[in-house]
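Commentary on secondary and tertiary structure
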Amino acid sequence: MHIPDGYLSTRVWVITDLVAAPGIALLARRAQAKFNHHLIPLMGVMGAFVFAAQMINFPAGNGTSSHLVGAALLSCLLGPAAASIVMTAILATQALVFQDGGLLALGANIFNMAIAGVFAGYLPYAMFRGSRVGLFLAGFFSLMTAAVLALSELLISGVAMPPAMLSVSFAWFLVSAAIEGALTLAVAVALERIQPGCLRKPVAGGRAWAVSGLAAVLLSSAGWLFASDRPDGLESLALKAGISNRVTSLIASPFGDYQASFVANPRLAKSVAGLAGILVIYGLCMAISRAIGATRREGA
Amino acid sequence: MRHARLELWSRGTSFAHRRHPAAKILVTLVFLIAISSLHPSQARAAIFYFVVLTALASAAKLPVPRVLLAAAVVLPFACVFALMSFFAGAPEKGIAIMVRSWLSALTTVLLMATTAQPDLLAGLEALRVPRFLVQVMQFLYRYLLVLIEEAGAMRAAAASRAGKASTLEFRRASAAAGVLFARSWGRANAIHQAMTARGFTGHIPRFRVLRITAADVWFVFGLVGPVLAVRLVLP
């Protein structure tokens, strides 16, 4: 699920970086305001814990084994804002040290797993007030949201994929999401037994219900919105048929407005404009993060 | 360990090692942007980037074949996508993905192989990445190996006690994760107490102050210029 560099089109990685950078700056500010520097070593060690917990193999039937992804577990342990920051630190370390996921694609990976994945995990947990059902659904929705977003981003970027592969990957996502749910539940139950009170009890109340329900719907529909942006992807998923004209439409449509015009217009002018645009957007990204950082320092 | 080798390389003293980390991060990003937008028909630009990156690796006195091999970690995953493009009737897109992801990984490996971890984090902070996040990354990196080794030791101990009792395996694994969590939690609290005792107030002092020099400016412009020029001019 870690998207490496070289897969996403310029449009997709620029937009996701643009969403992820200020988002993480805001969440960092929130987590810091709530917990102050007391939390820094704890969050770092929790990130290392998720890395290490990924080394523990869980049997997943048929002799295969699986491991925890951890975004949902972190959000139940630390709350969504701090969990997002820890997941971001994990993703950045994986991209830099292990070449697991790209640097330009880091925005997309952060958006999928550290922002959408963490919140999609926290909402059902808060909705069911930290019960076992809530823990299972936390793992399930966290992984499912992240996986659907990652697949949608790849499809929008014009990565060619036979239509049959789409249904196979959806089935695979469902299985892995159920496994992640079971693992989140199992580990959380074991944690409760060893160290009672370590799970954060979500804030109760009717408003929390409504807000979390609404946000859950928004998040899941956002995932589908991405997918239905390219209706032929869903169509082929429904039909499961590898008809060649469907395949060509699958390839042609994402390249429709960007790459095709890239070729039709004088290439030099177009690519100059594209690169200048990227630089401007990156500058904006920096400026927004910087402004947020500046207000944080004044506030501190 | 893969990254133990990177850490071994990153302590060098070559021209590339001595550049300001923020300058290296900027150059890396420009390389990545240029590479990620390569079209399947732009083989010449791809070859140019490969030559420049290899030349940089040898100028930094790194073992070039092993650097190329370290970047090849991304190739198996890319092969899957290349095969899918092939079956979807667009083999040239699959090849483009393999080339782009390998060149991108090569760029990242070069950044990591010429920049020590504390310097890299200082560079990120200089580029306005939130300091809170940078410090979490610092602790994560510091305790990564410690906890991975602990997990490995626990796995060995569990295997020697219980063997391969498959009915118990799932419960055993979740209990292991629980124990690992409790130990990590305790360790984090001990670390924080020790830091508080040493006067920690949210900022970690550095031994060496990094300054941007004229050489850093030349380094950035000398590389960014040709990289962008090739990307824009070559058809």
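Just so it is clear, the model here is predicted, and its values are computed rather than measured. (Residues numbered from 1 in each chain as written. Chains lettered and ligands numbered in written order. Predicted model: local features only at pLDDT ≥ 70, side-chain atom pairs only at ≥ 80, totals over all residues. Heavy atoms only, no water.)

1. Side note on the interface of chain A and chain B
Taken residue by residue, the interface counts 79 residues in chain A and 76 residues in chain B. A buried area of about 7,200 Å², summed over both sides, lies between chain A and chain B, and 78% of it is on carbon and sulfur atoms. Applying the counting rule to chain A against chain B returns 0 salt bridges. At the boundary of chain A with chain B, the tally comes to 3 residue pairs in polar contact (both at pLDDT 80 or more). Mapped by element, the contributors of at least two residues to the side of chain A that touches chain B are helix 1 (10-35), helix 2 (39-53), strand 1 (58-59), helix 4 (80-97), helix 7 (163-194), helix 10 (244-252), helix 11 (259-264) and helix 12 (267-299) of chain A. (Contact = heavy atoms within 4.5 Å. Buried area = accessible area lost by both parts, 1.4 Å probe. Salt bridge = Lys/Arg side-chain N within 4 Å of Asp/Glu carboxyl O. Polar contact = N/O pair within 3.5 Å; in protein donor to acceptor, adjacent residues only side chain to side chain. Helix = DSSP H or I, 4+ residues; strand = E, 2+ residues; numbered from the N terminus.)

2. Here we look at the nonpolar core
Proteins that are soluble and globular tend to have nonpolar side chains buried together. Judged by nonpolar contacts, the single largest core of 123 residues is most densely connected at F49, L74 and I85 of chain A. At 14 residues, the largest contribution of residues to this core is made by helix 9 (residues 131-162) of chain B. I85 of chain A has contacts with I24, L27, A28, A31 and M43 of chain A together with F132, L133 and V136 of chain B, leaving out every residue within four places of it along the chain. Of all hydrophobic cores here, the second largest spans 34 residues; its members include A16, I35, V67 and A113 of chain B. (Core = buried A, V, L, I, M, F, W, Y, C linked by side-chain atoms within 4.5 Å. Buried < 20%, exposed > 50% of the residue type's maximum accessible area, 1.4 Å probe, protein only.)

3. Some remarks on the packing of helix 4 (residues 43-59) of chain B against helix 7 (residues 91-114) of chain B
Residues and elements named next belong to chain B. At a closest axis distance of 11 Å, the pairing of helix 4 and helix 7 adopts a crossing angle of 20°. Classed by the angle they form, the pair helix 4 and helix 7 counts as roughly parallel. Crossing angle aside, the handedness with which helix 4 passes helix 7 is left-handed. Between helix 4 and helix 7, the residues in contact are A46, Y49, F50, L53, L56 and A57 and V99, W102, L103, L106, T107 and L110, respectively. Of the residues assigned to the contact of helix 4 with helix 7, the class counts are 11 nonpolar, 1 polar and no charged. (Axes fitted to C-alpha atoms, helices over the stretch in contact; angles between N-to-C directions. Parallel < 35°, antiparallel > 145°, perpendicular 65-115°, else oblique. Left-handed = near helix turned anticlockwise from the far one by under 90°. Nonpolar A, V, L, I, M, F, W, Y, C, P; charged D, E, K, R; others polar.)

4. Notes on helix 5 (residues 64-71) of chain B
Two residues of an α-helix separated by three or four positions point the same way, owing to the 3.6 residues in each turn. Residues and elements named next belong to chain B. Within helix 5, the full set of buried residues consists of V64, V67, A70 and A71. Down the axis, helix 5 shows its buried residues gathered within 120° of arc, on one side only. In helix 5, the exposed residues that point more than 90 degrees away from the buried face are P65 and L69. (Arc of directions from axis to C-beta.)

5. Describing a nonpolar patch on the surface
A grouping of L83, F86 and F87 of chain B is seen on the molecular surface, where their side chains present a nonpolar patch of about 370 Å² in accessible area. Among the structural elements, L83 of chain B can be located in helix 6 (residues 75-87). (Patch = residues over 30% accessible without salt bridge, like charges linked within 9 Å, V, L, I, M, F, W, Y side chains within 5 Å. Areas by Shrake-Rupley, 256 points an atom, 1.4 Å probe, with all protein chains shown as cover.)

6. With respect to the pattern of salt bridges
It is possible for side chains of opposite charge to pair when their charged atoms get near one another. Residues and elements named next belong to chain B. This model, assessed by the stated rule, comprises 4 salt bridges over all chains. Close ionic contact of E150 with R183 constitutes a salt bridge, the shortest N to O distance being 3.6 Å. A residue pair is termed long-range when its members are at least 10 positions apart, and E150 in helix 9 and R183 in helix 10 (residues 166-197) qualify at 33 residues. The buried category is assigned to E150, whose relative accessible area is 15%. With a relative accessible area of 41%, R183 lands in the partly exposed category. Salt bridges linked by common partners bring E150, R183 and R187 together as one network.

7. Focus on the environment of V224 of chain B
Residues and elements named next belong to chain B. Mapped onto the elements, V224 comes out in helix 11 (residues 214-233). With 197 residues separating them along the chain, V224 and V27 place their C-alpha atoms 6.4 Å apart. Those residues in contact with V224 that lie beyond four places of it in its chain are V27 and V30.

8. Side note on the packing of helix 4 of chain A against helix 7 of chain B
Here helix 4 of chain A crosses helix 7 of chain B at 95°, and the two axes come no closer than 8 Å. By the angle class used here, helix 4 of chain A and helix 7 of chain B are roughly perpendicular. Contacts from A95, L96 and V97 of chain A of helix 4 of chain A reach helix 7 of chain B at T108, L111 and M112 of chain B. Considering only residue class, the contact of helix 4 of chain A with helix 7 of chain B consists of 5 nonpolar, 1 polar and no charged.

9. Observations concerning the environment of G121 of chain A
Residue and element names in this part refer to chain A. Within the secondary structure layout, G121 lies in helix 5 (residues 106-127). It is 8.9 Å that separates the C-alpha atoms of G121 and G134, two residues lying 13 residues apart in sequence. The contacts of G121, once residues within four sequence positions are left out, are S75, A138 and S142.

10. Remarks on the confidence of the model for chain A
All names here are of chain A. Mean pLDDT over chain A stands at 72; residues scoring 70 or higher make up 64%. The secondary-structure element of chain A with the lowest mean pLDDT is helix 10, recorded at 35, while helix 4 shows the highest, at 91. Counted against residues more than four places away or in other chains, residues 228-271, with its pLDDT under 50, gives 57 contacts. When the criterion is pLDDT under 50, residues 293-300 qualifies, and its contacts beyond four places in sequence or with other chains add up to 6 contacts. (pLDDT = per-residue confidence, 0-100.)

11. Concerning the packing of aromatic side chains
All chains considered together, the criterion is met by 15 aromatic pairs over all chains. Ring geometry for F136 of chain A against F140 of chain A: centres 6.4 Å apart, planes inclined by 25°, an arrangement best described as stacked. On the criterion of helical spacing, the pair formed by F136 of chain A and F140 of chain A is a turn pair, its members being 4 residues apart in helix 6 (residues 132-156). In this structure F136 of chain A comes out as partly exposed when scored by relative accessible area, which is 29%. Measuring from ring centre to ring centre gives 6.1 Å for F31 of chain B and Y49 of chain B, while their planes differ by 75°; the resulting arrangement is edge-to-face. Taken together, the residues span a long stretch of sequence, with F31 of chain B in helix 3 (residues 21-36) and Y49 of chain B in helix 4 at a distance of 18 residues. (Phe/Tyr/Trp six-rings, centres within 6.5 Å; stacked < 30°, edge-to-face > 60°.)

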